[in-house]
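Reading the structure
The residues making up each chain are set out below.
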Amino acid sequence: MSPSKSPSENLSLLHAELRAFLPADRLLSDALSLAAHAGDASFYKLTPQLVARVGGEEEASALLAACYRHRVPVTFRAAGTSLSGQGVTDSILMPVARSFSRAQVLDGGSRIRLQPAVIGAAANRILAPYGRKLGPDPASLDAAMIGGIAANNASGMCCGTTANCYRTLDSLRVVLADGSVLDTSDPASRREFASRHAGLLEGLSGLAAEVQADAPLRDLIARKYGMKNTTGYGLNSLVDYQDPFDILQHLMIGSEGTLGFISEITLRTVPDFPRKAAILAFFADAASLGAALTGLAVAPVEAVEYMDEASLRSVASHPEIAASGGLEGRSALLIEIRGRHDGELRAHIDLVRQVLRFHEAPTLAIVAMDTALYHKIWSIRKGLFPAIGALRPAGTTIIIEDVAFPVSRLVAALADLRGLLDAHGYLESIIYGHALAGNLHFVFWHDFGRPSEVGRYAEFMDALAALVIGKYQGSLKAEHGTGRNMAPFVEREWGSQAYEIMRRIKDLFDPLGILNPDVLMSADERIHLKHLKPSPRTHPVVDQCIECGFCEPICPSRNLTLTPRQRIAVRREMATLQAGVGKGSRVDSIRLNALRQGFKYAGEQTCATDGLCATKCPVGIDTGTLIKSLRGESRPVWKTALAGFAARHFCLLTRSVRIGLRAYHGIPGLPLLLRILGTLLPRAIPPGLKYLPRAAKPASIPLSTSGPAGRVLYFPSCVNRVFGPHRPDDPPLNSVIIELLQRAGFEVRLIPGLEGLCCGLAFASKGFAHAADAKLNGIQEALDASGWGEVDLICDAAPCTQRLVQSLSGSRRIYDASNFLAERVLPRVPITARKGTIALHLPCSLVRMQTDGALTVLAEACAERVIRPSGMDCCGVAGDRIFTHPELPLTACEPLGDGLPAGCRDGYSASRTCEIGLGAAAGISYRSIAYLLHESIFVQVPEGSPRNSSPPRGSGHRGLGSQPPNPAKG
């Protein structure tokens, strides 16, 4: 490659070369894809010129080698949860793909080998049966991937400086800037690498010898890593190790993608003690807080979390905070205590209590040993970030930073940090953090849309550096990585000698400087003030989004089109471009039109609108609500009128659909013909027609006239009145449910006027709000006309149940059929037979209502083994996507392929449309959980066979325990 070529020429040549080994659908350069990948969780934004999704280490190596030849910068991104701008670029972005998601437990759980796309919490779930876990425990563990955790040397609340990635590293595989691959656990790989990269290894050995011979520099490194510190490269590797391979692999930890790509890592694990407790202690003054910290430093505690007065005020409505009395001048410590058994846990609690009593520290202490109160106490700490995020004015950016001070000076540093924030106008900021590590987080919001505000932020950062470095000799970055935000301050923190060592490290690994430029080290002293992410107002539902990415692992379209975070990011980009169009920008107009066109499919049509993203969002944002609103805005008048007609004549609609289904399956050759036409004319003939079920048959079981167990109203959903069961010989679902209710002694009555009733969900999901509300009102009127008053109501489709619960008024208890069967039927009927291995899927609606435990209760009562494949949250069916956009559920259900054992042929859920999609993806029968219970009760067991008169493992007959089965409105 000639250095005289321009950057655009180099990029064009690179793109052409990449097309030789990467398929077009993994080389993204369209406006929508680039806008979706322009930001991460930080407040920086850079639009890449190309997004390259590699399919494995071999492709990653080829990509880096090509970038090296053409001198084109490349940046890696894992989950994009980094907070300091580590994952953004205006060149080539290489996001870690799902192909890097293998995990392998080693040595009985004492080690685990992980690829970079494995999510931290998923690794811990794999390790849980071994009583082990990862050392790092960042707050983003449910979303952060191992690649990012290692590249940033993430720590967290419990791991301190002794169990982070650096300290628990066993070995790794790394792809260097020139495409070379090294496996530090493989002697053959080491030998080959040494023959080709002798200069790099000699350079590392030389740096280590130089540092180890310099006593002042060695002392500086020891002091800096005596506390949490992720500023700059890990110079402690030059002191801790002699072997150049050990130095190399430990330098990779915390290098933020600037030295190479970690394609695999093996970590030593730490014990995960099963018994846990928490103590929430409040303090009236700094002296008592400091005394308590001194005692807790030698107590058997796992974590000590500090929360200042402003933090407590931000969650003042929490019951435990509200009951604690006035908050004036108070702060709090949340103390985590663990034990291998109850006796050890109680002993540790007693020791901590003695420490607190000895120092007469707390004005109030709440001890939580039981699980419910333990989680309630921890929800205070976990609710701090969402609380401040919810208070953020629309159009501003949330900023969270972390610093570390010597623990012995923490109380004084706290006062100085609060004074600094107040002096620069951040009066609503909160301070919290990991007290025993001297690690403090502070959160505030800022408006980067005004130049004067950028200047204010610059002044604050300079003052922060002076405070942390100058007065306290602390760390500007304790655990979030250096990033772009602190790159200009690395030399100020470490001094010119240590900084020069870091520069030489970068030159050894990446002499052309193509790996993640301006991150961790930068020649631009104002890089932290450039490429700031705008936050324009777009929609009230999503304006509070902080783009943290916590929603992404649970989104069914994450591997197909866009995630909730990306949908919001694209909408914000569209709002920014719209402002440019208003000023006459032709370029903005072209890009805006491209985004609008692309968003129709990627943003709207392939969004399941399931709302699961709200369960992971720190501020509770349901991106599906935004999409439903957009669908309503884009509907033409004639479609709205048609929806109204369908709502008014719903009985005609359901009958017509049943007739159509009978014709579809009854006319010989018609399904095959339509499939062929669908291939030839995909826009005219939906490709998902092949998944259409047979028409439902009416229930044949008569309603009971008396019931010693009580009365219930039953609302068979329209989807189960239209779509028949998966197996042709199965009775209709409503017949099965009625028979189960009667067997348990309930008197059952159907809602009057059933054939014309619908909860309106199908209309609401498509943006026809008026038609949806009309149908819901019809159900309310039918309930009022039932003559049975406020008796319990049962619905047999979980999504419809959720809509009824959220929308119907009155004190009536509303149950999904699975909840009613688990709580009210299962204890009243004998289990006569149990299935072997079954698959179970929890519909999003039950998860959102927090009533999904009933499905597990029923499944465990009626089957020997229950399988829930990892990574299967939402099936992506969204009512009709299996028919209109089958690529969405088929992609979302891919984990079923490897997650179901060979002998598993039966799956169960609580939503007919979900069951259709699940069955299509898995190739097995998915049915309502009611069929499983029905067969377990009514099946005839051959004489002499073992007979279970009650479900083992205490499932159904114990009820639902602490999880209430009823989500009833009111």
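Below is a summary of the structure that appears in this document.

Rules used in this analysis
- Residues numbered from 1 in each chain as written.
- Predicted model: local features only at pLDDT ≥ 70, side-chain atom pairs only at ≥ 80, totals over all residues.
- Heavy atoms only, no water.
- Helix = DSSP H or I, 4+ residues; strand = E, 2+ residues; numbered from the N terminus.
- Rg over C-alpha atoms; globule rule 2.2 N^0.38 Å.
- Buried < 20%, exposed > 50% of the residue type's maximum accessible area, 1.4 Å probe, protein only.
- Contact = heavy atoms within 4.5 Å.
- Pairing = 2+ DSSP bridges.
- Axes fitted to C-alpha atoms, helices over the stretch in contact; angles between N-to-C directions.
- Parallel < 35°, antiparallel > 145°, perpendicular 65-115°, else oblique.
- Nonpolar A, V, L, I, M, F, W, Y, C, P; charged D, E, K, R; others polar.
- Right-handed = clockwise from strand over helix to strand, strands pointing away.
- Salt bridge = Lys/Arg side-chain N within 4 Å of Asp/Glu carboxyl O.
- Phe/Tyr/Trp six-rings, centres within 6.5 Å; stacked < 30°, edge-to-face > 60°.
- Lys NZ or Arg CZ within 6 Å of the ring centre and 35° of its normal.
- Core = buried A, V, L, I, M, F, W, Y, C linked by side-chain atoms within 4.5 Å.
- Patch = residues over 30% accessible without salt bridge, like charges linked within 9 Å, V, L, I, M, F, W, Y side chains within 5 Å.
- Areas by Shrake-Rupley, 256 points an atom, 1.4 Å probe, with all protein chains shown as cover.
- Arc of directions from axis to C-beta.
- Polar contact = N/O pair within 3.5 Å; in protein donor to acceptor, adjacent residues only side chain to side chain.
- Left-handed = near helix turned anticlockwise from the far one by under 90°.
- Disulfide = S-S within 2.5 Å.

1. As for the overall build of the chain
- Looking only at helices and strands, the chain has 41 helices and 26 strands in total.
- The globule rule puts the C-alpha radius of gyration for 970 residues at 30 Å, and the 30 Å found for the chain is close to it.
- Seen along its three principal axes, the alpha-carbon backbone of the chain occupies a region of about 90 × 70 × 60 Å.
- Residues counted as buried form 58% of the 970 residues belonging to the chain.
- If you take every contact in the chain between residues at least 6 apart in sequence, the share linking residues at least 24 apart comes to 75%.

2. A few points about the sheet that holds strand S3 (residues 74–77)
- One open sheet holds the four strands; their spatial order is S1-S2-S4-S3, and the pairing between them is mixed. Sheet topology places strand S1 (27–28) and S3 at the edges, where each strand pairs with a single neighbour.
- Pairing between S1 and strand S2 (residues 50–52): two bridges, direction antiparallel. Across the sheet, residue leucine 27 finds its bridge partner in S2, namely alanine 52.
- Seen against the sheet, helix H3 (residues 57–70) touches S2, S3 and strand S4 (92–95) and runs at an angle of roughly 155 degrees to S3.

3. A word on the packing of helix H7 (residues 187–196) against helix H8 (residues 198–212)
- Remark: H7 packs on H8, axes separated minimally by 5 Å, with the N-to-C direction vectors making an angle of 95 degrees. With respect to H8, the axis of H7 lies roughly perpendicular. Between H7, through Phe193, Ala194 and Arg196, and H8, the contact on the second element is made entirely by Ala198, Leu200 and Leu201.
- Considered class by class, the residues forming the contact of H7 with H8 number five nonpolar, no polar and one charged.

4. Some words on the pairing of strand S25 (residues 906–909)
- Along S25, one buried face is formed by Asp906 and Tyr908 and the opposite face, lined by Gly907 and Ser909, is buried too.
- In the sheet, strand S23 (residues 835–840) pairs with S25 via two bridges, with the strands oriented parallel. Looking at S25, one finds that alanine 839 is bridged to glycine 907.
- Of the strand pairs in this sheet, S25 and strand S26 (residues 925–928) are connected by four bridges, and their pairing is parallel. In the strand pairing of S26, serine 909 is matched with serine 928.
- Handedness of the crossover joining S25 and S26 through helix H40 (residues 912–922) is recorded here as right-handed.

5. Re the sheet that holds S23
- Here four strands make up an open sheet; going across it, the order is S24-S23-S25-S26 and the pairing parallel. The open sheet terminates on both sides in strands that have one partner only, identified here as strand S24 (863–867) and S26. Between one strand and the next, the sheet's axes are offset by a mean angle of 35 degrees, whatever the strand orientation.
- Docked against the sheet, H40 engages S25 and S26, running at close to 165 degrees with respect to S26.

6. Observations concerning the pattern of salt bridges
- Under the counting rule described, the total for this entry stands at 54 salt bridges.
- Among the ionic pairs, glutamate 336 bridges to arginine 338, the shortest N-O distance being 2.8 Å.
- With its nearest N and O atoms 3.0 Å apart, the salt bridge here joins arginine 565 to glutamate 552. Here the residue arginine 565 occupies a position in helix H22 (residues 564–582), and glutamate 552 occupies one in the loop between helix H21 (496–509) and H22, the gap between them amounting to 13 residues.
- Beyond isolated ion pairs, a larger network of salt bridges with shared partners links Arg727, Asp730, Lys835, Asp906, Arg927 and Glu935.

7. Quick notes on the pairing of S23
- By the bridge criterion, four bridges tie S23 to S24 in an arrangement that is parallel. In the strand pairing of S24, alanine 839 is matched with isoleucine 867.

8. Concerning the packing of aromatic side chains
- Applying the stated criterion to the full structure yields 19 aromatic pairs.
- Pairing phenylalanine 76 with phenylalanine 261 gives two aromatic rings, centres 5.2 Å apart and planes at 50 degrees, and the pair type is tilted. Placement of phenylalanine 76 in strand S3 and of phenylalanine 261 in strand S10 (residues 261–268) is noted, with a sequence separation of 185 residues between them. Accessibility classification places phenylalanine 76 together with phenylalanine 261 in one group, the buried group.
- Among the aromatic side chains, those forming a connected cluster through ring pairs are Phe43, Tyr44, Phe448 and Tyr457.
- The ring centre of tryptophan 494 lies 5.5 Å from the NZ or CZ of lysine 224, which sits over that ring.

9. A word on the nonpolar core
- Within the largest apolar cluster, 90 residues are counted, with the highest numbers of intra-cluster contacts made by Phe715, Leu741, Leu804, Val825 and Leu933.
- If one sorts the elements of this core by residue count, helix H36 (residues 853–862) sits on top with seven residues.
- When sequence neighbours within four positions are dropped, the list of residues in contact with leucine 741 reads Val712, Phe746, Val748, Ile794, Phe820 and Val825.
- By size, the runner-up hydrophobic cluster in this structure holds 56 residues, among which are Phe283, Ala458, Leu464 and Ile469.

10. Concerning helix H30 (residues 733–743)
- Buried residues dominate H30, accounting for eight of its eleven residues.
- Buried within H30 we find Leu733, Asn734, Ser735, Val736, Ile737, Ile738, Leu740 and Leu741.
- Immediately beyond the C-terminal end of H30, within one or two residues, lies glycine 745, with a positive phi of roughly 95 degrees.

11. Here we look at a nonpolar patch on the surface
- Together, Trp638, Leu642, Phe645 and Leu652 make up a nonpolar patch on the protein surface, roughly 450 Å² of accessible area in all.
- Residue contributions to the nonpolar patch peak at three residues, all from helix H26 (residues 637–648).
- Here leucine 642 lies in helix H26.

12. Things to note about the side chain of asparagine 236
- Its place among the elements puts asparagine 236 in the loop between helix H9 (215–224) and helix H10 (237–240).
- Not counting residues within four places of it along the chain, the set of residues in contact with asparagine 236 comprises Tyr166, Arg167, Ile221 and Tyr225.

13. Looking at H9
- Those residues of H9 that sit buried are Leu217, Leu220, Ile221 and Lys224. Seen end-on, H9 carries its buried residues on one side only, within an arc spanning 95 degrees.
- Elements that come into contact with the buried residues of H9 comprise H8, H10, helix H20 (490–494) and H21.

14. What about unusual backbone geometry?
- Residues other than glycine seldom take positive phi values, yet aspartate 107 does so here, at roughly 55 degrees.
- Tracing the chain through its elements places aspartate 107 in the loop between strand S5 (103–106) and strand S6 (111–114).
- Positive phi outside glycine occurs at threonine 609, with the angle close to 50 degrees.
- Of note, threonine 609 is situated in the loop between helix H23 (586–605) and helix H24 (612–616).
- Given the relative accessible area of 12%, threonine 609 is considered buried.

15. Digging into the environment of aspartate 183
- Note that aspartate 183 resides in strand S9 (residues 181–183).
- Apart from the residues lying within four places of it in its own chain, the contact partners of aspartate 183 are Leu172, Arg173, Ser189 and Arg190.
- Separated by 2.7 Å, the side chains of aspartate 183 and serine 185 make a polar contact.

16. Structural notes on the environment of isoleucine 737
- With respect to the helices, strands and loops of the structure, isoleucine 737 is situated in helix H30.
- We classify isoleucine 737 as buried; its relative accessible area is 2%.
- Separated by 644 residues in the primary sequence, isoleucine 737 and leucine 93 place their C-alpha atoms 53 Å from one another.
- Discounting chain neighbours no more than four positions away, the residues touching isoleucine 737 are Tyr714, Asp796, Ala817 and Ala930.

17. Quick look at the packing of helix H18 (residues 410–423) against helix H19 (residues 451–471)
- At a minimum axis separation of 10 Å, H18 and H19 run at an interaxial angle of 165 degrees. The angle between H18 and H19 falls in the class roughly antiparallel. Judged by the twist between their axes, the crossing of H18 over H19 is right-handed. Note on element contacts: H19 touches H18 through Phe460, Ala463, Leu464, Leu467 and Lys471, opposite Asp416, Leu417, Leu420 and Leu421.
- Tallied by class, residues from the contact of H18 with H19 come to seven nonpolar, no polar and two charged.

18. Overview of the state of the cysteines
- Tallied over the full model, the rule gives zero disulfides.
- Considering cysteine sulfurs only, cysteine 800 is the nearest to cysteine 795, which forms no disulfide, with 4.9 Å between them.
- When its relative accessible area of 0% is taken as the criterion, cysteine 795 is described as buried.
- With no disulfide partner, cysteine 862 has as its closest neighbouring cysteine sulfur the one in cysteine 904, 15 Å distant.

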